[in-house]
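# Chain and residue survey
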Amino acid sequence: MPERVKIHRKFTGGLPLRPYKALSTGAAASRLTIPKRLCISMQQQSGAPAMACVTPGERVERGQLIGVPTATLGAAVHASACGRVHALEQRPVPTGSRLVVADCVVIDTDPEPGPASAPGADHWPGDRAGRLAAIRRAGIVGLGGAAFPTADKLGCDRACETLILNGAECEPYISCDDMLMRETPDSILAGAAIMLEIACASRCIVAIERDKIRALETMADAVRRFADERFTMVAIPTIYPAGGERQLVEMLLGLEVPSGGHPIDIGVVCQNVGTAHALANFVASGQPLLSRIVTVTGRGVEAPQNVHAPIGALIGDLLAHCGGLNERASRLILGGNMMGYSLPTADIPITKSTNCVVALTAEDVRDDTTEWPCIRCGECAAACPARLLPQELLRAATGRRFERLTALGLVDCIECGCCDVVCPSHILLTARFRAAKIELAEHRAHARLADAADERYLRRKDRQLREADAARHEQDELKARLAGDEASRRAALSAAVERARGRKRSPDEPE
Amino acid sequence: MVFPLNPAPHAKPVTAVPIVMRRVLYALLPAFAVYCWNFGPGIAVNLMVALPAALLGEALMLRARARDLRHGLTDGSAIVTAVLIVFALPPLAPWWLTALAVVVAVVIGKQLFGGLGANVFNPAMVGYVTVLLSFPAEMTQWLPPGGHAELGLVGHLAYAFGGRLPEGMSVDAVTQATALDVVKQELANMRTIEEIRVGPMFGDLGSRGWQWINVSIAAGGLLLLHWRIIRWHIPVAVLAGLLIPAALLHLIDTSRYLSPVFHLFSGATLLGAFFIATDPVSAAATSKGRLIYGAGIGALTYGIRTWGGYPDGLAFAVLLMNASVPILDRYTQPRIYGR
């Protein structure tokens, strides 16, 4: 069995970045004791939020369903500890790319953790549709960050050839996938095997960055033990953003995901190692997704480490578990230092997509206030994994030239942040592109409305013309008919007159 | 505790504009030293004029444009422009010539276009070409290789600021034409390259004196490549654009066409390839665009040197190619991922 296959080619762009991973990988992952209060967001995944199905005061067991999926791309939400529902309230909660305000179920947990609610007798049915439904019921979503419902990804009815098991974890600071691969390699592979089956894929490529030596070793051992010919392992270069699914596809298969499309468009599904573990755990124990591993790190944290934490624990609880913040902490980030976003406070609950909390000190972060003009050095273009020209995008964005932005591929920007890091002028490129994307979407919406109004107007005008035409036509017809009537009336009249004349004349004329 | 909200990415940038400019200056230091060694302190005297002139011009324009003076003056771009111009001027130059070139470069070449990053043409070349066209006589006052020891620092200062050489010396006597100029004139006199090159001003590689300055400029260029201040595309394309036609024509007729090695180590070839054509603001920004841009500069330089009215043509070639940058950038956009 080939253990490692060569990478197909290096992806374009990208950067070698300081990893800062050793901060949090020194010790084994710890386990957060269930906090007194959990705050479980109904917006756990990328689709529509779930609807809370419990009421304040109600008792909940660990693993009990508390949020039912409402629409497509939904996923169930469960109580991650037993206790009593304290309140249903709206709070800021993290999603893949920003904080949003969503319904939360606040639970006062029991001091003594009780037993988990028993899984249903038939939590893992034999047929594909039943299994997909079970995955949805178990609330399993992508744990890599975007939180796409796993059932929807695996259940796509389009042909899938390759499953890429993503253990790259290219973003600095984050080490939760690394630790998970060291801890539970067999469970990860078991989960991947289930995914292969459901997606009807024929092979699985496990991709791990080259510098994760221990994770590579453990996973390689596990793959050997697993003895499944469909599995191969690849050590990929440590170049950010090697873990982006588009970059993985480019590197491992030499293919490109179409612009605006998904990997499934070319027969590929990417799954995070954490998702595979959660799936295997559910199949083995019947337990839905109740906790995840979170990296708590940065030089602003006293004791950086990885923590297994129940979904809904507050970031403040996690920080306290890691010795709290030191006085140097000056910026709190959810995610890594490239794509993660700033948090205003630690009073925010973790969700299924929360992989990392970083407390950075003033020396770790860029100063956003000094900026020089763009000198067109092109380093941004060289670093861009999407092969865009950020310097041209910047000009088009500043001038709000939407056609140019479209032609330059603004929508293909993956917001990895590489251009910012190499920019000698310290321009906040990614932030401007994010803003420009919103503006472009608004512009397009406006344009669509204007086009629709235009079309309505034209159609109305057309209709009016047609109606006027029809009316005229009708009138003409009427006139013609009347004229015809007139002619026949006159004919009749003249005939009558003739007859009358005839009658008048007739007495004088002999018969 | 409430934390400030800042946009991603949070990682520190790896470089900054002043660092880039400083490194360009570091890379020119060896060439500066060799220049002084070969031609005496004239370039240092010119630099003493050029630096204050550049900073003054920059400051006045920043003020007029209501821009932050400290931020604008510390980016280092005016200093780089000044240094590049003194490398292009003859070592024996009156102060006003140097000052005029530098002020035109900074004020007209850069600030009037909108300052750093907004200029269409390479500012140093705008300044240089202005004085080249306006004061052709002063622009030919090159010194013989080895310089004039008896001229000394005092002599250079006296000429730069007083317009007079020390007793017993005349400008015509101490200055001479450059090697490329001599070749051009002598070829016109129907002499062959072989006959011309035996003269005392020619070395093994190119013109004596200049060849070692050019070697140190190339070393500085390699340093820029190593520091990733520049990428390989423009220097390689400039050299290819110049040397490939030079090699072909030299193969056809060695008596009428200079060898590519001579072209490489004479005139502004290496300074142009590594330090002038690579000015990012006025160069193409895509990889393919940079190859075309560089090749155009090299080929135009060769054409002007060989058939044009000027012994060297790099400055004109750079300005002509600068004008084509917008169209090069537009038509060399790389294929976007997934399209």
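Residues numbered from 1 in each chain as written. Chains lettered and ligands numbered in written order. Predicted model: local features only at pLDDT ≥ 70, side-chain atom pairs only at ≥ 80, totals over all residues.

## Examining the overall build of chain B
Each helix and strand in chain B was counted, giving 17 helices and zero strands. On C-alpha atoms alone, chain B measures out to a radius of gyration of 21 Å, which is about the 20 Å that the 2.2 N^0.38 rule sets for 339 residues. By principal-axis analysis of the C-alpha atoms, chain B measures approximately 80 × 50 × 30 Å. Taking all 339 residues of chain B together, 51% fall into the buried category. (Helix = DSSP H or I, 4+ residues; strand = E, 2+ residues; numbered from the N terminus. Rg over C-alpha atoms; globule rule 2.2 N^0.38 Å. Buried ≥ 20, exposed ≤ 12 C-beta atoms within 10 Å, placed from the backbone.)

## Focus: helix H9 (residues 179–188) of chain B
Residue and element names in this part refer to chain B. Of all the residues in H9, the buried ones are Ala-179, Leu-180, Val-183 and Lys-184. Along the long axis of H9, the arc covered by the buried residues comes to 140°, so they all point the same way. Buried residues along H9 sit in contact with helix H10 (193–196), helix H11 (210–226) and helix H15 (287–307). Of the residues one or two after H9, Met-190 is the one with positive phi, at around 65°. (Arc of directions from axis to C-beta. Contact = placed C-beta atoms within 7 Å.)

## Describing the packing of helix H2 (residues 42–64) of chain B against helix H4 (residues 77–88) of chain B
Residue and element names in this part refer to chain B. At a minimum axis distance of 9 Å, the contact between H2 and H4 shows a crossing angle of 145°. As H2 runs across H4, the sense of the crossing is right-handed. Residues Ile-43, Asn-46, Leu-47, Ala-50, Leu-51, Ala-54, Leu-55 and Glu-58 of H2 form the contact with H4, whose participating residues are Ala-78, Ile-79, Thr-81, Ala-82, Val-83, Ile-85 and Val-86. Residue classes in the contact of H2 with H4 are distributed as twelve nonpolar, two polar and one charged. (Axes fitted to C-alpha atoms, helices over the stretch in contact; angles between N-to-C directions. Left-handed = near helix turned anticlockwise from the far one by under 90°. Nonpolar A, V, L, I, M, F, W, Y, C, P; charged D, E, K, R; others polar.)

## Observations regarding the sheet that holds strand E10 (residues 203–209) of chain A
Within a sheet, neighbouring strands are paired by backbone hydrogen bonds and run either parallel or antiparallel to one another. Residues and elements named next belong to chain A. Pairing within the open sheet is parallel, and its four strands lie in the order E11-E10-E9-E12. Two strands lie at the open edges of the sheet, namely strand E11 (231–236) and strand E12 (268–272), each paired on one side alone. Taking the axes of each pair of neighbouring strands and ignoring which way they run, one obtains an average angle of 25° across the sheet. The pairing of strand E9 (residues 162–167) with E12 spans five bridges and is parallel. Bridging across to E12, Thr-162 finds its partner in Val-268. Packing of helix H6 (residues 213–226) onto the sheet brings it into contact with E9, E10 and E11, and relative to E11 it is tilted by some 165°. (Pairing = 2+ DSSP bridges.)

## Section: the interface of chain B and chain A
Opposite the 35 residues of chain B that make contact, chain A presents 51 residues. When its residues are assigned to classes, the side of chain B that touches chain A shows 22 nonpolar, eight polar and five charged.

## Considering the confidence of the model for chain B
On average, residues of chain B score 91 in pLDDT, and 99% of them reach the 70 mark or higher. With pTM at 0.87, the complex prediction returns an ipTM value of 0.90. (pLDDT = per-residue confidence, 0-100.)

## Describing the domain arrangement of chain B
Note on interface size: it is often stated as the accessible area lost on association of the parts. Residue and element names in this part refer to chain B. Domain annotation for chain B reports domain 1 (15–176) and domain 2 (177–207 + 228–339). Look at where the C-alpha atoms of domain 1 and domain 2 centre, and you get two points 22 Å apart. Counting residues at the interface gives 22 residues for domain 1 and 16 residues for domain 2. Where the side of domain 1 that touches domain 2 is concerned, the elements lending two or more residues are helix H1 (17–39), H4 and helix H6 (123–134). The element contributing the most residues to the side of domain 1 that touches domain 2 is H6, with five residues. Per-class residue counts for the side of domain 1 that touches domain 2 are 16 nonpolar, five polar and one charged. (Domains from an automatic or database assignment.)

## Digging into the nonpolar core
By size, the foremost hydrophobic cluster in this structure holds 254 residues, and its most contacted members are Val206(A), Ala207(A), Ile85(B) and Val102(B). There are two domains that each give this core at least three residues, and those are domain 1 (15–176) and domain 2 (177–207 + 228–339) of chain B. If we ignore the near neighbours within four places in the chain, the residues touching Ile85(B) are Ala50(B), Ala101(B), Val102(B), Ala105(B), Ala124(B), Gly127(B) and Tyr128(B). (Core = buried A, V, L, I, M, F, W, Y, C linked by C-beta atoms within 7 Å.)

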